[in-house]
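Descriptive analysis of the structure
Listed below are the residues making up each chain.
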Amino acid sequence: MTYQKTTTGNSVISESEYAISASNISVKFAHTTVLDNVSINLKPGEVTALLGPNGAGKSTLLKVLSGEIKTQANIHYFGHSRDTWTPSKLAMHLGLVSQHSTLSFPFLASEVVELGAIPLKLPNRDIKALAKHYLNTVDMLPLASRAYPSLSGGEKQRIHFARVLSQLHHAKRQAILMLDEPTSALDLAHQHQTLTLARELATQRNAAVVIVLHDLNLAAQYSDRIVVLNKQRIVADGSPQEAITRQMISDVYGYDSIITKHPTKGFPLVLSQ
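Parameters and conventions
Residues numbered from 1 in each chain as written. Predicted model: local features only at pLDDT ≥ 70, side-chain atom pairs only at ≥ 80, totals over all residues. Heavy atoms only, no water. Helix = DSSP H or I, 4+ residues; strand = E, 2+ residues; numbered from the N terminus. Expected span 1.5 Å × (residues − 1). Buried < 20%, exposed > 50% of the residue type's maximum accessible area, 1.4 Å probe, protein only. Arc of directions from axis to C-beta. Contact = heavy atoms within 4.5 Å. Pairing = 2+ DSSP bridges. Axes fitted to C-alpha atoms, helices over the stretch in contact; angles between N-to-C directions. Parallel < 35°, antiparallel > 145°, perpendicular 65-115°, else oblique. Left-handed = near helix turned anticlockwise from the far one by under 90°. Nonpolar A, V, L, I, M, F, W, Y, C, P; charged D, E, K, R; others polar.

Comments concerning helix H4 (residues 124–137)
Across its 14 residues, H4 extends 20 Å between first and last C-alpha, which sits within 8% of the 20 Å expected from 1.5 Å per residue. Of all the residues in H4, the buried ones are Ile-127, Leu-130, Ala-131, Tyr-134 and Leu-135. Down the axis, H4 shows its buried residues gathered within 135° of arc, on one side only. Within H4, the exposed residues directed more than 90 degrees away from the buried face are Arg-125, Lys-132 and Asn-136. The inward-facing, buried residues of H4 contact helix H3 (109–115), helix H5 (153–167) and helix H6 (188–205).

Concerning the sheet that holds strand E1 (residues 20–29)
Overall, antiparallel pairing links the 4 strands, which are arranged E2-E1-E4-E5 in an open sheet. Two strands lie at the open edges of the sheet, namely strand E2 (32–42) and strand E5 (80–81), each paired on one side alone. Relative to strand E4 (residues 74–77), E1 is paired through 4 bridges, and the arrangement is antiparallel. Looking at the pairing, Ser-23 lines up with Asn-74 of E4. Strand contacts of helix H1 (residues 58–66): E1, E2 and E4, with the helix running at about 125° to E1, the strand carrying the most contacts.

Details of the packing of H4 against H5
At a minimum axis distance of 9 Å, the contact between H4 and H5 shows a crossing angle of 135°. In this view, H4 runs oblique relative to H5, as classed from their interaxial angle. Taken as a pair, H4 and H5 cross one another with a handedness that is right-handed. Side by side, H4 and H5 meet where Leu-130, Ala-131, Tyr-134, Leu-135 and Thr-137 of the first sit next to Ile-159, Ala-162, Leu-165 and Ser-166 of the second. Along the lines of polarity and charge, the residues of the contact of H4 with H5 split into 7 nonpolar, 2 polar and no charged.

Listed below in structure tokens is the structure:
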């Protein structure tokens with residue numbers, strides 16, 4: 001069953017007008033189907049939140065769209081097949097902040113951010129200036145000289161966000177930002193800061209932003225479009241008002257909720273019964 005399925009982001013427009021166009025995505029791990037024939041188009045200038053219960057395939061879909069997981073799916077970036085993008089060129093246009101980082105080498109926090117600027121081929125002085133700018137942007141400049149492994153989980157998330165912002169610095173109006181549960185380890189203020197920065201990247205630089213989230217209220221506040229996955233398929237796709245309904249939450253999450261409106265901004269708020 002599909003709940004409030006709309007054509008948001010999938011209207012009949014030229015493929016070249018999409019930041020990402022992907023069709024027929026199927027993924028199996030051993031004998032378990034994780035994604036079953038999923039298709040999705042993402043527009044520049046739009047923030048899309050991927051929602052769904054644990055195991056619905058959200059992170060896997062993000063990894064397929066980024067190229068981290070290879071499949072037989074037909075995927076295009078800005079109208080060009082993924083196969084035509086060299087790794088160095090794609091790195092300047094697509095940035096992914098993964099849910100977990102395996103980086104254990106004792107880089108300084110500033111050095112991790114500088115890694116993001118490597119594809120830009122800038123002089124070392126400019127790379128350091130760029131890293132300083134984005135460290136300040138994510139509120140991490142005071143910890144720039146700390147060893148990365150000594151940082152908290154939330155601080156590491158913010159460092160990697162700064163790294164990806166550096167990576168996309170020269171993408172101009174062809175940028176794709178992918179964030180996998182970027183608020184999971186953050187305090188309240190930095191949750192909103194991170195999503196505000198992602199929102200600004202879409203609004204001011206026309207970036208396509210796709211974010212995996214578990215918090216429906218954060219998704220409703222910062223997203224233009226919400227895509228809900230359940231049982232390996234997309235079951236809802238639309239604006240926050242269209243996608244976030246009591247029926248969807250009951251059927252997908254097995255949770256009885258109350259839907260109201262934010263008193264000043266109007267986006268839907270999910271409350272417990």
